[in-house]
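Here is how the chains run, residue by residue.
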Protein chains: 2
Amino acid sequence: MTAHDATQNVRIVLAARPRGEPTADDFRVEHVPLPVPGEGQVLLRNRYLSLDPYMRGRMNAGRSYAKPVEIGEVMDGGTVSEVIDSRHPDFRTGDMVLAHGGWQTHAVADGRLLKRRLDARAVPLTTALGVYGMPGFTAYVGLHEIGKPQPGETVVVAAASGPVGATVGQIAKLQGARAVGIAGGEAKRAHLRDALGFDVALDHRAPDFADQLRAACPDGIDVYFENVGGAVFDAVVPLLNDFARIPVCGLVAHYNDTTLPPGPDRMPWLMSQILTRHLTVRGFIQHDFIALYPQFLREMGGWLADGKIRYREDVVEGLENAPRALIGLLRGENFGKVVVKL
Amino acid sequence: MTAHDATQNVRIVLAARPRGEPTADDFRVEHVPLPVPGEGQVLLRNRYLSLDPYMRGRMNAGRSYAKPVEIGEVMDGGTVSEVIDSRHPDFRTGDMVLAHGGWQTHAVADGRLLKRRLDARAVPLTTALGVYGMPGFTAYVGLHEIGKPQPGETVVVAAASGPVGATVGQIAKLQGARAVGIAGGEAKRAHLRDALGFDVALDHRAPDFADQLRAACPDGIDVYFENVGGAVFDAVVPLLNDFARIPVCGLVAHYNDTTLPPGPDRMPWLMSQILTRHLTVRGFIQHDFIALYPQFLREMGGWLADGKIRYREDVVEGLENAPRALIGLLRGENFGKVVVKL
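With an unreviewed UniProt entry as reference, chain A is termed NADP-dependent oxidoreductase, source organism Pseudoxanthomonas mexicana.

Take a look at the structure:
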């Protein structure tokens, strides 16, 4: 936001529920007076806003992880925020915190709900929205609690240049497994292989992608970390080993779907694969395993300090560009973690 | 077998691989000389043969739990058998054992592979093929390791008058959960409700079955013990609670399928339900948890002795009737555990 008026809150609300892919018209910018913190609250100036695939689900009326954003409500989102006024004894002006500030320049939050104070000297602040925050924690608990990769096993993950996928592959490597990453385009492939240390990186757009995946997994697949669905899942299922585990944390290829795909109906086939291959398929969000958060901060903090886990961020300038950036993210146009600088 | 010639082994082999529902022509009766036990082996006279839904899978060439029965090979199956000649120091003539004797009057077995000696004074011998054997153990470990019903939760199981389903419902009740059983026909319904203590028993053939199931589960479904698939699964999925668990041990409604059903393709829909409802779907066979077998024998032995778990058996007379009985079992014509008396 250029020339920001410090007496106003600029915010983006849900203007309409998208059918299929969201468009700019589904969002509306509003200028409203600054909110005033009550007793026990703080006033936040949001500095960075996280954009994540789950936001598409919140734009629908239907049941998803959480209640939907209502029409006219501010779009939901995690933020790195600065305390600019405090009526809570634990926070002072100038404190940086991880908050759920939403798509807006300012927000009021209950001090007791702000669980994490941030220290820019330890790791860059933006990592609290990515590798050292919700997406990194998603990767961590999905492997720790469901995927459980063993040394020598093969772990496959799609959207592998994104903050969840990139972290999945690197943790799998740290645990002695083979990591096969899938992403769109040659630049992402090179990044996975050369910067992040994946054993193999594949482009899901290749016409012979399913054959490439088979060749990349000569011993089959033991863990498929599911965050996309679609054609990647179709190519993965026939390669799953007995006792394979599938943590399911996202299905971004389907978030814009408005109807079921044409037949035949493969649901009974999937169930028969689950049965005869002894598969475990489990849906989760990171919050299901929130008890592991302190352990994650400790372990991931060490990996980041030691350079054992790397990450990449796409920083978008200005709140007004958030809608376009989310639309792009849902198309797979981002490279790494998408953060909007406010 | 009437007028059995004690110098001959009568056996039923797989004559042809069925397409869809098996027919009598897929089986062939053969008379062959008695096998001769080698060193460390015993000669068995099979007394009871277990018939189970998994046998349909073994008749296919494709990948399933285990390698298929080859054309011309004896049909696979668990048996209660009497040792009639022993060349193993641990077994004597007259010992009754649980064996994998197959569809035949006689078999040779390695003594070291015969893990369980049976005592008819404790529980009836045939229970080793049902409630106190593989089907009961399937129910036990599916709940113990995957379903994990909590007091007050709702557990739903189909084929509920069969040996797995009946045991699932009764163990769920012992653990303080509500048990909703599904079976075909009024007689089975009454049995579930009146003899086995299910809270609700439904007939899946009712035209308004899905509505009945919804009414029977006012608090949703926490555990669905999947052993049939098909229309029951379709009715269950919309009722699943967040964090529901689905142990998958069978899909008998689909065993005779030769093609996928027509569209739309509900596979992505199922995955999105798994994701947004935090479901766990896990395929297993009882052998995956074989370490729990001693614990099962102890606990189930106590329940049977105390009359806390009941069971029902359909005894079919004569090996020559086994093919017809298996075909009927796959149609849901049996009432309880199907055992062939040889």
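Chemist: Talk me through the overall build of chain A; I want residue IDs and the actual numbers.
Modeler: Looking only at helices and strands, one finds nine helices and 15 strands in chain A. Computed over C-alpha atoms, the radius of gyration of chain A comes to 21 Å, within 12% of the 20 Å expected from 2.2 N^0.38 for 342 residues, which places it in the range of a compact globule. If you line up chain A on its principal axes, its C-alpha atoms span 60 × 45 × 35 Å. Looking at chain A as a whole, 58% of its 342 residues are labelled buried. Pairs at least 24 residues apart make up 68% of the contacts formed inside chain A by residues separated by at least 6 positions. For chain A, the exposed area adds up to about 14,000 Å²; of that, 51% sits on carbon and sulfur atoms. Chain A carries 37 positive and 39 negative side-chain charges, and their two centres are separated by 2 Å.

Chemist: Provide a residue-level description of the interface of chain B and chain A, including the pertinent values.
Modeler: For interface size, the figure often reported is the accessible area lost on association. Contact residues are listed per partner, giving 41 residues for chain B and 41 residues for chain A. The junction of chain B with chain A conceals about 3,700 Å² of combined surface from both sides, 68% of it contributed by carbon and sulfur atoms. When the buried surface of chain B facing chain A is broken down by residue, Met267(B), Met271(B) and Leu275(B) rank first, second and third, together holding 20% of it. Element by element, the count of residues in the side of chain B that touches chain A is highest for helix 7 (residues 267–276) of chain B, at nine residues. Split by residue class, the side of chain B that touches chain A holds 23 nonpolar, nine polar and nine charged.

Chemist: Outline the sheet that holds strand 13 (residues 280–283) of chain B, supporting the account with residue identities and numerical values.
Modeler: Sheet strands associate in pairs through backbone hydrogen bonding, adopting either a parallel or an antiparallel arrangement. Taking strand neighbours across the sheet as the criterion, the 12 strands line up as 10(A)-9(A)-8(A)-11(A)-12(A)-13(A)-13(B)-12(B)-11(B)-8(B)-9(B)-10(B) in an open arrangement whose pairing is mixed. Looking along the sheet, the strands with just one partner apiece sit at the ends: strand 10 (200–203) of chain A together with strand 10 (200–203) of chain B. Along the sheet, successive strands turn relative to each other by an average axial angle of 15 degrees, direction set aside. Together, strand 8 (154–157), strand 9 (178–183), strand 10 and strand 11 (221–225) of chain A form the strand contacts of helix 5 (residues 209–216) of chain A, whose direction differs from that of strand 10 of chain A by roughly 170 degrees.

Chemist: Got a sec to walk through the nonpolar core? Specific residues and values, please.
Modeler: In terms of nonpolar packing, the biggest core is built from 108 residues, with Trp103(A), Leu213(A), Tyr224(A), Trp103(B), Leu213(B) and Tyr224(B) touching the most fellow members. When neighbours within four sequence positions are excluded, Tyr224(B) is seen to be in contact with Val156(B), Ala158(B), Gly229(B), Val232(B), Phe233(B), Val236(B), Leu240(B), Arg245(B), Ile246(B) and Pro247(B). Grouped together as the second largest cluster of nonpolar side chains are 46 residues, Met96(A), Leu118(A), Phe296(A) and Met300(A) included.

Chemist: So, empty space enclosed by the protein: which residues are in play, and what are the values?
Modeler: All names here are of chain A. As enumerated under the stated definition, the model contains two cavities of 30 Å³ or more in all. Considering only enclosed or pocket space, the largest cavity measures out at about 100 Å³ in volume. The wall of the largest cavity is formed by 16 residues, among which Pro163, Ala166, Arg310, Tyr311 and Arg312 lie closest to the centre. For the lining of the largest cavity, the leading source of residues is helix 3 (residues 163–174), giving four residues.

Chemist: If you had to explain the packing of helix 2 (residues 134–147) of chain A against helix 8 (residues 293–305) of chain A to someone new, which residues and values would you point to?
Modeler: Residues and elements named next belong to chain A. Contact pair helix 2 / helix 8: the axes reach a minimum separation of 11 Å and the direction vectors enclose 110 degrees. Relative to helix 8, the element helix 2 lies roughly perpendicular. Every residue of helix 8 that contacts helix 2 at Gly136, Phe137, Tyr140 and His144 is listed here: Tyr293, Gln295, Phe296, Glu299 and Trp303. Of the residues in the contact of helix 2 with helix 8, the class split is five nonpolar, three polar and one charged.

Chemist: Residue-level account of the relation of the copies chain B and chain A, with values.
Modeler: Superposing chain B onto chain A takes a rotation of 180 degrees plus a shift of 0.0 Å along the axis, which leaves an RMSD of 0.0 Å. Interpreted geometrically, this transformation is the action of a two-fold axis. Among all C-alpha atoms of chain B, that of Gly263(B) lies closest to the rotation axis, at 1.6 Å. Here 100% of the interface residues in chain B have copies in chain A that are interface residues too; the copies meet face to matching face.

Chemist: Give me the packing of aromatic side chains: which residues, what numbers.
Modeler: Residues and elements named next belong to chain A. In this structure the tally under the stated criterion is 20 aromatic pairs over all chains. Considering the side-chain rings of Tyr224 and Phe233, the 6.3 Å spacing of their centres and the 35 degrees angle between planes classify their relative orientation as tilted. Across the pair, Phe233 and Tyr224 agree in class, each one buried. Through pairs of rings, three or more aromatic residues link up here, namely Tyr132, Phe137, Tyr140, Tyr293, Phe296 and Trp303. We note Arg312 situated over the ring of Phe335; from NZ or CZ to the ring centre the distance is 3.6 Å.

Chemist: So what's going on with the pattern of salt bridges? Residues and values would help.
Modeler: Within this structure, the stated rule accounts for 36 salt bridges over all chains. Each of Arg11(A), Arg28(A) and Glu30(A) takes part in one network of salt bridges that share partners.

Chemist: Can you tell me about the domain arrangement of chain A, naming the residues and giving the values?
Modeler: Residues and elements named next belong to chain A. In terms of domain boundaries, chain A breaks down into domain 1 (8–122 + 312–341) and domain 2 (134–287). Taken over C-alpha atoms, the centre of domain 1 sits 29 Å from the centre of domain 2. The interface is formed by 17 residues belonging to domain 1 together with 15 residues belonging to domain 2. A buried area of about 1,300 Å², summed over both sides, lies between domain 1 and domain 2, and 60% of it is on carbon and sulfur atoms. Taken together, domain 1 and domain 2 are joined by zero salt bridges. The interface formed by domain 1 and domain 2 includes three residue pairs in polar contact (both at pLDDT 80 or more).

Definitions and cut-offs
Within each chain, residue numbers correspond to sequence positions counted from 1 in written order. To read the labels, note that chains go from A and ligands from 1, taken in the order they are written. Residues qualify for local features only when their pLDDT is at least 70, as the model is predicted, and side-chain atom pairs are given and counted only at 80 or more; totals for whole chains, interfaces and linings, by contrast, use all residues. Neither water nor hydrogens contribute to the side-chain values; these are computed over all heavy atoms in the structure. Where helices and strands are cited, they refer to DSSP runs of H or I of at least four residues and of E of at least two residues respectively, numbered from the N terminus. C-alpha atoms define the radius of gyration, and 2.2 Å times the number of residues to the power 0.38 defines the globule rule. Only protein chains enter the area calculation, which uses a 1.4 Å probe; residues under 20% of their type maximum are buried, those over 50% are exposed, and those in between are partly exposed. What makes two residues a contact is simply this: any of their non-hydrogen atoms within 4.5 Å. Note on areas: Shrake-Rupley with a 1.4 Å probe; residue coverage comes only from the protein chains shown. When charges are counted, neither His nor the chain ends are considered; positive counts come from Lys and Arg and negative counts from Asp and Glu. Every charge is mapped onto a representative atom, which is NZ of Lys, CZ of Arg, CG of Asp or CD of Glu. Here the quantity called buried area is the accessible surface, traced with a 1.4 Å probe, that two parts lose on coming together, added over both. Classification used: nonpolar for Ala, Val, Leu, Ile, Met, Phe, Trp, Tyr, Cys and Pro, charged for Asp, Glu, Lys and Arg, polar for all others including Gly. A pair of strands counts as paired when DSSP detects no fewer than two bridges linking them. For helices, the fitted line uses only the C-alpha atoms of the stretch in contact; every axis is such a line through C-alpha atoms, and the angle between N-to-C directions lies from 0 to 180 degrees. What is meant by a nonpolar core is a set of buried Ala, Val, Leu, Ile, Met, Phe, Trp, Tyr and Cys residues, joined one to another through side-chain atoms within 4.5 Å. The pocket and cavity definitions rest on a 1 Å grid over protein atoms only: a 1.4 Å probe that fits but cannot leave marks a cavity, an open set with protein on both sides within 12 Å along at least five of seven lines marks a pocket, and residues lining either have an atom within 4 Å of a point. Grid points are joined across faces, edges and corners, and a volume is the space filled by probe spheres set on the points. Relative orientations are named as follows: roughly parallel for angles under 35 degrees, roughly antiparallel for angles over 145 degrees, roughly perpendicular for angles from 65 to 115 degrees, and oblique for any other angle. In this comparison the copies share one frame, found by least squares on the C-alpha atoms of residues holding pLDDT of at least 70 in both. Aromatic pairing here means that ring centres of Phe, Tyr or Trp (its six-membered ring) are within 6.5 Å. Orientation follows from the plane angle: under 30 degrees is stacked, over 60 is edge-to-face, and everything else is tilted. By the criterion adopted, a ring carries a charge over it if an Arg CZ or a Lys NZ lies within 6 Å of its centre and within 35 degrees of its normal. Put simply, a salt bridge is a Lys or Arg side-chain nitrogen that is within 4 Å of an Asp or Glu carboxyl oxygen. Domain delimitation in this document rests on an assignment produced automatically or drawn from a domain database. Here a polar contact is recorded for every N or O atom pair within 3.5 Å, except that within protein the pair must consist of a potential hydrogen donor and a potential acceptor, and residues adjacent in sequence are included only if both atoms are side-chain atoms.

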